[in-house]
Amino acid sequence: MQKNLKEERVGILGKGQLGIMLGQAAAKLGVPVWFYEPSTQVLSEGDTWQGTEKILATGKDAWDRFSTSCSVYTYESEHVPHDFLLPLSAQHKLNPPFKAVQETGHRILEKQCFKDLRIPTAPWKPVTDQPSFIAAVTAIGLPAILKTATQGYDGKGQQWLRSQADVDAAKIESGREYVLEGVIHFELEFSVIGARDAKGNEEFYPIGENLHEKGILRTTLVPASLPDKVTEAARGFLSEILQHYNYVGVMALECFYSNGNLYANELAPRVHNSGHWSIEGSNCSQFEQHIRAITGRPLVAIDLVSQNVGMVNCLGVLPPDTVRADWPKGLCFYYDYHKGPRPNGGHEPGRKLGHVTVVSDDRDMVKNELARLRIDCKT
Ligand code: ATP
Ligand code: MG
């Protein structure tokens, strides 16, 4: 179906790095974009990274214009307050759908979804107060992780319980919900990323193996060293979840692989940090695929542009020009997210400030570069 581009406009909630990368992908497709940033109540268009940003409205005007002027809306994070998402969902213009963001943004609902679909996870129990916490520790044993049900990211909101002393010291805030989860001693952590369009077509990216440090993604290596049957099972689980939510857009499923078994960890109802490699490493980035899905354009069947791709996050610091000058030309692709310092001064050590993608047919070369870049891109 031919689109009338004059009437088409994608509204993106959130203008962090994911929002901007979605906007860049839309621009590549010739689709106009407006951004609404809930934390500052600013409506803008154009790219802050390229210096073309134009502020269109602020305060109540910004929301009024944004919420009435786009043909479709999407979001960069499951932490966008539901007050913003619900009116857009009521207009039938929000994708991925509200139910997906509501449930994947709440660990108890998310784990229940895995359970309903018979997708294996670490053992878990909901925790709402001290007695349910003690009962959960008794049922699951140690080690275990106490995770807040909402607002967790990059390992924030998690308490690792390794001993009775940790259990005694655990903080359960009244009125707050948690999940207590058994620890999986995994050999490999990985994420499977896929897209679904409104007609039910699905496309999946090659799986990436992920290395986390202190709960924060450090590197992704594609393709993951996994048996074919595990890759198929992971895609099968993600496919079931996409169908379950009648999902439109890109979704990521984070998993553990341990002793021949696969365990689902969590879902992201959006483009995912472990898929940034797809910009240079595949024929269609996860950002473009997401915009395609939500605007009714055909999905692209995904191919790698080289046999291996790696990605390193720049955490807390960006590599200086002098260091970058030594990186192999044409193989390393560097992104600076142009993040300003926090109100109290600088950047905390784990803050994601940029990333580097490495593309090569030689897997050892990608691995060696990742090892080197990890040193260059960290405080
Ligand atoms: P994200 O930034 O991906 O949203 P998050 O803070 O929401 O992360 P998780 O993905 O649940 O939280 O946990 C962060 C990391 O902690 C995981 O990637 C994994 O390395 C480790 N982890 C979490 N749960 C478990 C578990 N049950 N067993 C072993 N390791 C775990
Ligand atoms: Mg995670």
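Okay, so let's go over this structure. A quick note: this is a predicted structure, and the numbers were derived from the prediction, not measured.

1. Some details on the coordination of the magnesium ion (ligand 2)
Where a metal carries four tetrahedral donors, each ideal angle is 109.5 degrees; where it carries six octahedral donors, the ideal angles are 90 or 180 degrees.
Then step 1. Distances from the magnesium ion (ligand 2) to its protein donors, namely Glu254 (OE) and Glu266 (OE), fall within the range 2.0 to 2.1 Å. Of the two residues, Glu254 sits in strand β14 (residues 249-258) while Glu266 sits in strand β15 (residues 261-268), which places them 12 residues apart along the sequence.

2. Some words on the side chain of Asp47
Then step 1. Topologically, Asp47 is positioned in the loop between β3 (42-45) and β4 (54-58).
Then step 2. It turns out Asp47 is buried and unbridged, and the closest side chain with the opposite charge, Lys15, is 6.4 Å from it.
Then step 3. A polar contact of 2.8 Å, which involves the side chain of Asp47, links it to the backbone nitrogen of Trp49.
Then step 4. If we skip the residues at most four places from it in the chain, Asp47 touches Ile20, Gln24, Thr52 and Glu53.

3. Notes on the sheet that holds strand β7 (residues 144-148)
Then step 1. A sheet is described by the order of its strands in space; here 4 strands give the open sequence β6-β9-β7-β8, paired in antiparallel fashion. At either margin of the open sheet sits one strand with a lone partner, and together these are β6 (124-127) and β8 (158-161). Pairwise comparison of adjacent strand axes, ignoring direction, gives a mean angle of 20 degrees for this sheet.
Then step 2. The strands that helix α6 (residues 130-140) touches are β6, β7, β8 and β9 (178-182); relative to β6, the one it contacts most, it runs at about 170 degrees.

4. Considering the packing of helix α2 (residues 59-69) against helix α3 (residues 82-90)
The relative placement of two packed helices comes down to the angle between their axes together with the axis-to-axis distance.
Then step 1. Following both chains from N to C, one finds α2 and α3 inclined at 35 degrees, their axes separated by 10 Å at the closest point. Crossing angle aside, the handedness with which α2 passes α3 is right-handed. Here Trp63, Phe66 and Ser67 of α2 come into contact with α3, specifically with Phe84, Pro87 and Leu88.
Then step 2. Residue composition of the contact of α2 with α3, by class: 5 nonpolar, 1 polar and no charged.

5. Some remarks on the sheet that holds strand β2 (residues 33-37)
Then step 1. The sheet built from 5 strands is open, its strands ordered β4-β3-β2-β1-β5 with mixed pairing. Strands at the two margins of the open sheet, each flanked by one partner only, are β4 and β5 (72-75). Sheet twist, expressed as the average angle between the axes of neighbouring strands with direction ignored, equals 25 degrees.
Then step 2. Here strand β1 (residues 10-13) pairs with β2 via 4 bridges, running parallel. Bridge pairing links Gly11 to Trp34 in β2.
Then step 3. Lying on the sheet, helix α1 (residues 17-28) is in contact with β1, β2 and β5; it crosses β2 at an angle near 170 degrees.
Then step 4. Running over the sheet, α2 touches β1, β2, β3, β4 and β5 and is turned about 105 degrees from β4.

Calculation rules
- Here the residue index of a chain counts from 1 through its sequence in written order.
- Key to labels: chains lettered from A, ligands numbered from 1, both in the order written.
- Local features in this predicted model are restricted to residues of pLDDT 70 or higher, and side-chain atom pairs are both shown and tallied only at a pLDDT of 80 or more, whereas totals for entire chains, interfaces and linings draw on every residue.
- By convention in this description, side-chain values take in all heavy atoms of the structure and omit both hydrogens and water.
- Each metal site lists N, O and S donors within 2.8 Å (3.2 Å for Na, K and Ca). With water left out of the atoms, a site can look as if it is missing ligands.
- A helix here means a DSSP run of H or I that spans at least four residues, while a strand means a run of E at least two residues long, and both kinds are numbered starting from the N terminus.
- Categorising residues by exposure relies on relative accessible area from a 1.4 Å probe, with only protein chains included: less than 20% of the type maximum marks a residue as buried, more than 50% marks it as exposed, and the intermediate range marks it as partly exposed.
- Positive charge is attributed to Lys and Arg, negative charge to Asp and Glu, and no charge count is given to His or to the chain ends.
- Each reported salt bridge corresponds to a side-chain nitrogen of Lys or Arg within 4 Å of a carboxyl oxygen of Asp or Glu.
- Whenever two N or O atoms come within 3.5 Å, that pair is a polar contact, provided that in protein one can donate a hydrogen and the other can accept it, and provided that, for residues adjacent in sequence, both atoms are side-chain atoms.
- Contact criterion: two residues are considered in contact whenever any of their non-hydrogen atoms come within 4.5 Å of each other.
- Pairing between two strands requires that DSSP report at least two bridges joining them.
- What counts as an axis is a line fitted to C-alpha atoms, over the stretch in contact for a helix, and the angles between N-to-C directions run from 0 to 180 degrees.
- The crossing is said to be left-handed when, going from far helix to near helix, the turn is anticlockwise and less than a right angle, and right-handed when the turn is clockwise.
- Residue polarity follows a fixed list, in which Ala, Val, Leu, Ile, Met, Phe, Trp, Tyr, Cys and Pro are nonpolar, Asp, Glu, Lys and Arg are charged, and the others, Gly among them, are polar.

Everything listed here is a matter of coordinates, which is why it stays silent on function.
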